[in-house]
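Residue-level listing of the chains:
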Amino acid sequence: MNSAFTDSAFTDSSAIDSASVTAPPTRPGRSERAAAGSGGPMARRSALRAGIALLAAGATAAVVAGAATSANQAPSSTPGGSRPAPGTRSGSAPKKASLADAERRRTVSQSPAAANPAVDRDASFVASTRQQPGAMGRQATGPAAAAAVTVATGTADSLETHTHLLSRATFGPRVSDYAALAAQGIDAWLSAQLDPAALADPDGDRAWSAFPLARLNITEVRGAVKEFEWDAAEQTGQATLAAQVFSERQLFEVVADVFTNLLNVTTPSDSVWASGPDYARTVIRAHAFGRYADMLHAAMRHPAMLTYLNNNESTKTDVNENLGRELLELHTLGVASGYTETDVRNSANILSGRGIDWETSLFYYDESNHFTGPVSTAWFSHPNATGGGGLAVGDAFVDSLAKHPATAVTVARKLAVRFVSDSPPQSIIDRLAATYLENDTQIVPVLRVLFSSTEFWAAPKAKWRRPLEDAVGSARAIGVIASNDLAAGVKDLYWAVQSMGQAPLSWIPPNGYPDVTAAWKSASQMVSRWNLHRGLADGWWKGLTPPQKLSKELVPVAGQTYAQWVDIIAVRVIGRPLTPEHNAVLTSYLGVDGGAEADSGDSWQAPQLAALILDSPHFQLR
């Protein structure tokens, strides 16, 4: 067995309770969120062993070994042990700080970059595992119309290139996505995805319509729900999830998710009970295929961001630095860019006065609370003489940040990590950043360069599905339809993904969900995914089922061998046949000779085979 699976959680099926396959989870304490299903058959130990064997036949140690890092923890500086106290070495007495140490601390306190940090949190996760760069309108549930975009990738159409593109440019391909890409070709398909407003999207529209509170503006939410109730904010996360599952505008949904995390606002949370839905629509989704400068300006004037990072509490005499700091560290320049603590202070001073009207929850600029006096950073300065002119000073400051070369690198890196690899080559980051600056912060030209790059096409299977991508991709692979029970099914899926740590919009710190493998690998993650795959494949989830049960759709036909039947199931689920080695694992699970004629009476096992394929690297690696 592959050394990646020496841990007993993977090699010993007794380590996994055979009753661990469960019904869709529910949110405790809310009777209206009672379980949609009553559970399913017990998972057979042989199915778990087959899943383990299938994984072991093709997984890599870098993906699943060392399952210790939680998605909600920063990597320890001492992997495998506790962090030593400051100024100590493991097993030694505290060492008196030298003058050089004191000077270094003073320098770092003035400029975070002096500590030589990783460029961002995701890079620090990658460094902790020593991974190497991959070789390889305001009503806005959807995007605003854009000029027609054409793409010329120079990449030949093949099953391999189609699989790679669909695994990155969608949350997970359906059989119909493979067919559409084959019919249109790579360049035409990408061009259509980069012009989403021109794509008919009835299922995506139905997905948003199933969650009406998510479509309301701030004033409408205040009139529809009780103060500080999370109903509208929760529906926004659920509507986002529904669109990820059902929308034809898949590339838009993936890119919107990237910027949702770059400009993260935890939704739901108390401070955004009324403003969270509007933020998701009018800041992120309205600008995801527009200019990042416009998105950043909208965020810095939006009540959701201003309350989430406490700028509403800032006064001219007691300036709160939260928003000013995160604007530099996360949203624009990056912690390693070289800005100083003085820059942070000036950033916070410039943004003071921006808050909300507590009676309406709408944006309000209070000039009497704006810090006045000269403000200066390495890239921006202004006399800032009056409170009345402070809002315009802030807009000019935000604009200078949006167009700064370091911000271009931040945006480029976020896109490259999502689409290329956890540790993308510097060459693609540099080209994307240059394109961003050359095109006045427009995002679509950056995407066009990315999908035409050799770095993108040279990196198949360099990414691992995170919980959200697994859940949404599995639902799409199974072929769930947008039925009248869509809302119930999506709510159950939302709570399932929440239990795995990645419900849309719900990350609590301001740095957004991690987008690298190292943040998500654990044995419990794998078991949760196996549970989810079986529930979807067996059709246990009301509102998330294919048009026909897999056991009825995938019945072996006369003259078909078991090996052929397994491959038909694989093509139905992941768009391509398995390797002979993996096919043999599944026929062994069935207890049959792959060359023998398949018995139609075995069709009841089609859902289990589909789930095992979803468990495998063929699906998990993308």
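Keep in mind the model is a prediction, meaning the values are calculated, not measured.

Q: Break down the pattern of salt bridges for me, with residues and values.
A: Within this structure, the stated rule accounts for 29 salt bridges. Among the salt bridges present, the one from E321 reaches R345, with a minimum N-O distance of 3.1 Å. Linking E321 in the loop between helix 15 (303-308) and helix 16 (322-331) with R345 in helix 17 (residues 341-351), this pair joins segments that are 24 residues apart in sequence. Accessibility expressed as a relative area gives 22% for E321, which makes it partly exposed.

Q: Explain the packing of helix 25 (residues 523-537) against helix 29 (residues 606-615) to me, and be specific about the residues and the numbers.
A: Where helix 25 meets helix 29, the axes come as close as 9 Å, and the angle between the chain directions of the two elements is 145 degrees. Handedness of the helix 25/helix 29 crossing: right-handed. Across from W530, H533, R534 and A537 in helix 25, the residues of helix 29 making contact are P607, Q608, A610, A611, L612, L614 and D615.

Q: Quick rundown of empty space enclosed by the protein? Include the residues and the values.
A: The volume enclosed by the largest cavity comes to roughly 150 Å³. Along the walls of the largest cavity sit 16 residues, with T240, T260, A280, I284 and L505 positioned nearest its centre. Elements represented by at least two residues in the lining of the largest cavity include exactly helix 11 (231-246), helix 12 (250-262) and helix 13 (276-287). Per element, the largest residue contribution to the lining of the largest cavity is five residues, and it comes from helix 13. Residue composition of the lining of the largest cavity, by class: eight nonpolar, five polar and three charged. As for the second largest cavity, its lining consists of D122, V258, N261, L262, K414, V417, R418, R466, N511, G512, Y513 and D515. Broken down by class, the residue content of the lining of the second largest cavity amounts to four nonpolar, three polar and five charged.

Q: Help me get a handle on the packing of helix 17 against helix 18 (residues 390-402), residues and values and all.
A: Relative to each other, helix 17 and helix 18 sit at 135 degrees, their axes nearing to 8 Å. By the angle between their axes, helix 17 is oblique relative to helix 18. In this structure, helix 17 uses S347, I350 and L351 to contact helix 18, whose residues at the interface are G390, V393, G394, F397 and V398.

Q: Could you give an account of the side chain of R466, naming the residues involved and the relevant values?
A: Relative to the helices and strands, R466 resides in the loop between helix 22 (454-457) and helix 23 (467-478). For R466, a relative accessible area of 2% corresponds to the buried category.

Q: Tell me about the nonpolar core, residues and numbers included.
A: Counting 131 residues, the largest nonpolar core has L165, F259, M305, F419 and F451 as its most contacted members. The leading source of residues in this core is helix 12, at eight residues. Setting aside residues up to four positions removed in sequence, F419 forms contacts with R168, A169, L251, V254, V255, L447, L450, F451 and F456. One finds F125, V126, V417 and A519 within the second-largest nonpolar core, a separate group that totals nine residues.

Q: How would you sum up the side chain of Q620? Please name residues and give values.
A: As for its position among the elements, Q620 is in helix 30 (residues 617-620). When its relative accessible area of 0% is taken as the criterion, Q620 is described as buried. From its side chain, Q620 meets the backbone oxygen of L614 in a polar contact 3.0 Å long. In contact with Q620, not counting residues within four places along its chain, are K463, W464, R465, D470, R529, H533, L614 and D615.

Q: Describe helix 6 (residues 159-169), and please don't skip the residues or the numbers.
A: When you tally the buried positions in helix 6, you get nine out of eleven residues, the bulk of the element. Those residues of helix 6 lying buried are T161, H162, T163, H164, L165, L166, S167, R168 and A169. Taken together, the buried residues of helix 6 touch helix 7 (175-184), helix 8 (186-193), helix 12, helix 19 (405-419), helix 21 (443-451) and helix 22.

Q: Explain the confidence of the model for the chain to me, and be specific about the residues and the numbers.
A: Detail in the predicted coordinates should be disregarded across regions flagged by low pLDDT. The share of residues in the chain with pLDDT of 70 or more is 77%, and the mean pLDDT across the chain is 84. Predicted confidence for residues 55-97 stays below pLDDT 50, and this span has 62 contacts to residues more than four positions away or in other chains.

Q: How would you summarise the packing of aromatic side chains if you had to cite specific residues and measurements?
A: Counted according to the given criterion, the structure contains 13 aromatic pairs. On the numbers, 5.9 Å between centres and 55 degrees between planes, the contact of F228 with W273 is tilted. Placement of the pair is F228 in the loop between helix 10 (218-224) and helix 11 and W273 in the loop between helix 12 and helix 13, with a sequence separation of 45 residues. Assessed through its relative accessible area of 6%, W273 is described here as buried. Pairing W507 with Y513 gives two aromatic rings, centres 5.2 Å apart and planes at 55 degrees, and the pair type is tilted. The exposure classification of W507 matches that of Y513, with both residues buried. Taken together, the aromatic side chains of F419, F451, F456 and W457 make up a single cluster linked through ring pairs.

Q: Any details on the layout of surface pockets? Residues and values, ideally.
A: Quantified by volume, the second largest pocket comes out at close to 400 Å³. Along the walls of the second largest pocket sit 22 residues, with E160, T163, H164, K461 and R576 positioned nearest its centre. If you list the elements that add at least two residues to the lining of the second largest pocket, you get helix 6, helix 27 (562-574) and helix 30. The element contributing the most residues to the lining of the second largest pocket is helix 6, with six residues.

Q: Tell me about the environment of S551, residues and numbers included.
A: Topologically, S551 is positioned in helix 26 (residues 550-553). Separated by 49 residues in the primary sequence, S551 and S600 have C-alpha atoms spaced 10.0 Å apart. When residues no more than four places from it in sequence are discounted, the contact partners of S551 are S603, W604, A606 and P607.

Definitions and limits used
- Residues numbered from 1 in each chain as written.
- Predicted model: local features only at pLDDT ≥ 70, side-chain atom pairs only at ≥ 80, totals over all residues.
- Heavy atoms only, no water.
- Salt bridge = Lys/Arg side-chain N within 4 Å of Asp/Glu carboxyl O.
- Helix = DSSP H or I, 4+ residues; strand = E, 2+ residues; numbered from the N terminus.
- Buried < 20%, exposed > 50% of the residue type's maximum accessible area, 1.4 Å probe, protein only.
- Axes fitted to C-alpha atoms, helices over the stretch in contact; angles between N-to-C directions.
- Left-handed = near helix turned anticlockwise from the far one by under 90°.
- Contact = heavy atoms within 4.5 Å.
- 1 Å grid on protein atoms, 1.4 Å probe; cavity = no way out; pocket = protein on both sides within 12 Å on 5 of 7 lines; lining within 4 Å.
- Points joined across faces, edges and corners; volume = space filled by probe spheres on them.
- Nonpolar A, V, L, I, M, F, W, Y, C, P; charged D, E, K, R; others polar.
- Parallel < 35°, antiparallel > 145°, perpendicular 65-115°, else oblique.
- Core = buried A, V, L, I, M, F, W, Y, C linked by side-chain atoms within 4.5 Å.
- Polar contact = N/O pair within 3.5 Å; in protein donor to acceptor, adjacent residues only side chain to side chain.
- pLDDT = per-residue confidence, 0-100.
- Phe/Tyr/Trp six-rings, centres within 6.5 Å; stacked < 30°, edge-to-face > 60°.

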